[in-house]
Amino acid sequence: MPKSLEITDFTNHPAVKKCMDDLKKQFPGTPGKELIVSDVLDGHGNQYVNLVQKGGGVLGIALVGYTYILEEMGIRFLRLAGTSAGAINTALMTVIGDDKTVPKSREILKDICALNFFDLVDGNAAAKWLIRTFITHKNFSRQAKNLVSIIFGLLAFFVVADIVFLGLQHTYPILTIATKISFILTGFYLMLLAALAFYISTLVKRLKESGFGINPGDFFYDWIKKRLCENHVVTVADLNKKALATPDLHLRTPHPHGTSDLKGDVTFITSELVSQNKIEFPKMCNLFRTDINLLQPAGFIRASMSIPIFFESYYINDIPCEDDQIKKAWCDTFGEDNPPSKARFVDGGILSNFPINIFYNKDVVTPRLPSFGINLDDSTPESKTNDAAQWSLLSYIGRMFNTIRFYYDKDFFIKNRVFSKGVGTIPLAKYNWLNFFLTDKDKIDMFVLGAQAATDFLGKFKWEEFKAHRKIMHEQLEAKETAK
């Protein structure tokens, strides 16, 4: 019987231990050689930052490797935000433990060790076969193209064989039997294609009936709901209480704003299709219920990770859209006078896969703590080519889709470049973000890559430099506003 994964398989990996050794050597803690990433601390000496985690399917395991290193180096998280896979890790980091002083990553590793990732693929047999055969492979688009080529190639072969045998049998009567066999094989192949087409049409019809998703997503919903309940989060109020559970904080250096306004919170990003808006849960719960505790917190994470087609949409039904309180909430938030009675959510990454902008406070000139971000980069060198003439059809479609979904976040970084100094990137080009058949080695390797990326980031991050640049950015933006 194969050995099951344990937390130590991740944390005691030689590469992870080397990361910690390298950081301890670089930041031994002696005067002038401390790791300083923030001016906000608690009574235990932990430093506080805000953290946003990018979405990326199963690549989210690498996020845990990154946060593990941050936590081991005494970094804790005041405000948390995430999309899709980033929302999952964000949720667990929010609810685990009694307050923010408690490190979370080791507990999250327990879930990774216990979870069979393919259980998340809870569709029918055809869905499981499709995902196992094609989607789980990095080059699944090439495989699909090859399969289509084989199907039509065989059809062309049979048709050509029929024509050749039919033409030659008059000259060579011996080929008459071969001609009959060729026509029988062609007919049989056409019948198989017809059956396949009928089955595909049935699947498409079933796909429409199931909300255009090949997996219901019920297993994940039940799993994350159980994780929340185990950590005493049953209602939205419970979730907000956990997110707000901030210890007594003090500042390394004096600041005019002090610490009284430093409060914890959590944000899960999702995309609502009926009103075509970006939704931030739990902040925008009042759009859907007058009593927000009637909503299930697990639904926020399920809504955020609803990868289109792969998972069914997540719905909130029976919205009291005629209620004056609901109408006012929609009007104040989106300028909508006619709220929907039903909301349909898909992956937040469609609109904002890296929502670091929610941490920006234009009223603060010099920051007391930075906003860190974890970027998951699974792009290959081929996909990064700027030679537009060399793009395949899939690359062309992918570029259009990415232009749309990355624009909102990219626009923020262009206008607020200093925030990019707080972002670390985990290189994951060799992994497919939809490969739910990850081996234990794959999981450990992704965790290691996350740990290495965090180590590299901490070695280069300069807090005083970040503060100075943030102040300059504020002054430049203020000058532009004055000039208008």
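As a starting point, this report considers the structure included with it. (Residues numbered from 1 in each chain as written. Predicted model: local features only at pLDDT ≥ 70, side-chain atom pairs only at ≥ 80, totals over all residues. Heavy atoms only, no water.)

A count of helices and strands for the protein gives 15 helices and 12 strands. The buried share of the protein, taken over its 484 residues, is 47%. Residue pairs in contact within the protein that sit at least 24 positions apart in sequence constitute 79% of those at least 6 positions apart. When the accessible surface of the protein is summed, it comes to about 24600 Å², and 60% of that surface belongs to carbon and sulfur atoms. (Helix = DSSP H or I, 4+ residues; strand = E, 2+ residues; numbered from the N terminus. Buried < 20%, exposed > 50% of the residue type's maximum accessible area, 1.4 Å probe, protein only. Contact = heavy atoms within 4.5 Å. Areas by Shrake-Rupley, 256 points an atom, 1.4 Å probe, with all protein chains shown as cover.)

Under the counting rule described, the total for this entry stands at 27 aromatic pairs. With a centroid separation of 5.7 Å and 50 degrees between ring planes, the pair formed by Y68 and F447 is classed as tilted. In this pair, Y68 sits in helix α3 (residues 60-72) while F447 sits in helix α14 (residues 440-460), placing the two residues 379 residues apart along the sequence. For Y68, a relative accessible area of 5% corresponds to the buried category. (Phe/Tyr/Trp six-rings, centres within 6.5 Å; stacked < 30°, edge-to-face > 60°.)

Oppositely charged side chains are able to pair whenever their charged atoms sit close together. Enumeration over the complete set of coordinates arrives at 18 salt bridges. Here E465 and K421 are joined by a salt bridge, their closest N and O atoms 4.0 Å apart. Of this pair, E465 sits in helix α15 (residues 463-483) while K421 sits in the loop between α13 (393-415) and β12 (423-427), and the two are 44 residues apart along the sequence. Here D456 and K460 are joined by a salt bridge, their closest N and O atoms 3.4 Å apart. Note that D456 and K460 are positioned in helix α14 at a spacing of 4 residues, about one turn of the helix. Residue classification places K460 among the exposed positions, given a relative accessible area of 58%. Several salt bridges share partner residues, and in doing so they unite D39, R252, E464 and K467 into one network. (Salt bridge = Lys/Arg side-chain N within 4 Å of Asp/Glu carboxyl O.)

On to the side chain of N353, then. Among the secondary structure elements, N353 is positioned in the loop between β10 (343-347) and β11 (371-377). At 3.4 Å, the side chain of N353 forms a polar contact with the backbone oxygen of G55. (Polar contact = N/O pair within 3.5 Å; in protein donor to acceptor, adjacent residues only side chain to side chain.)

Take the pairing of strand β2 (residues 47-53) next. For a regular strand, side-chain orientation follows a simple rule: the groups alternate between the two sheet faces. Taken across its 7 residues, β2 has 7 buried, putting it largely inside the fold. Side chains Q47, V49, L51 and Q53 of β2 all project onto a buried face; the interleaved residues Y48, N50 and V52 project onto the opposite face, where all are buried too. Bridge analysis of β2 against strand β3 (residues 75-83) gives 6 bridges, and the strand direction is parallel. Paired with V52 across the two strands is A81, which belongs to β3. Read from β2 through α3 to β3, the crossover connection turns out right-handed. (Pairing = 2+ DSSP bridges. Right-handed = clockwise from strand over helix to strand, strands pointing away.)

Attention now moves to helix α2 (residues 14-26). Helix length check: α2 (13 residues) gives 18 Å between terminal C-alpha atoms against 18 Å at 1.5 Å per residue, within 8%. Among the residues of α2, A15, V16, C19, M20 and L23 are the ones counted as buried. All buried residues of α2 project into a common sector of 145 degrees when viewed along the axis, lining one side. Projecting away from the buried face of α2 at angles above 90 degrees are the exposed residues P14, K18 and K25. (Expected span 1.5 Å × (residues − 1). Arc of directions from axis to C-beta.)

Nonpolar side chains collect at one region of the surface, where V160, V164, L168, Y172 and I174 lie side by side and expose about 500 Å² of accessible area between them. Relative to the helices and strands, V164 is located in helix α7 (residues 140-168). (Patch = residues over 30% accessible without salt bridge, like charges linked within 9 Å, V, L, I, M, F, W, Y side chains within 5 Å.)

What follows concerns unusual backbone geometry. In the segment running from F281 into P282, the intervening peptide bond is cis, with an omega of 0 degrees. As for its position among the elements, P282 is in the loop between β7 (277-281) and α11 (297-304). If you check the backbone angles, S84 has positive phi at about 55 degrees while not being a glycine. Of note, S84 is situated in the loop between β3 and α4 (85-95). With a phi close to 75 degrees, I309 is a non-glycine residue in the positive phi region. Turning to its location among the elements, I309 is positioned in strand β8 (residues 309-311).

What follows concerns the nonpolar core. The biggest cluster of nonpolar side chains holds 110 residues, and the ones touching the most others in it are I69, F288, I316, F345, F436 and L458. Considering every element that reaches this core, the biggest residue donor is α14, with 9 residues. Among all residues touching I316, those that are not within four sequence positions of it are F281, F288, R289, L295, S341, K342, A343 and F345. Within the second largest apolar cluster, 7 residues are counted, among which are V40, Y48, L78 and L249. (Core = buried A, V, L, I, M, F, W, Y, C linked by side-chain atoms within 4.5 Å.)

Spanning 13 residues, α3 covers 19 Å between terminal C-alpha atoms, matching the ideal 18 Å at 1.5 Å per step. Across the 13 residues of α3, 12 count as buried, placing the element largely inside the fold. Immediately beyond the C-terminal end of α3, within one or two residues, lies G74, with a positive phi of roughly 80 degrees.

Closest axis-to-axis distance for the α2/α3 pair is 11 Å, and the angle between their directions is 35 degrees. Our pair here, α2 against α3, has a crossing hand that is right-handed. Along its contact with α2, which presents V16, C19, M20, L23 and K24, the element α3 presents Y68, I69 and E72. Within the contact of α2 with α3, the residues separate by chemical class into 6 nonpolar, no polar and 2 charged. (Axes fitted to C-alpha atoms, helices over the stretch in contact; angles between N-to-C directions. Left-handed = near helix turned anticlockwise from the far one by under 90°. Nonpolar A, V, L, I, M, F, W, Y, C, P; charged D, E, K, R; others polar.)

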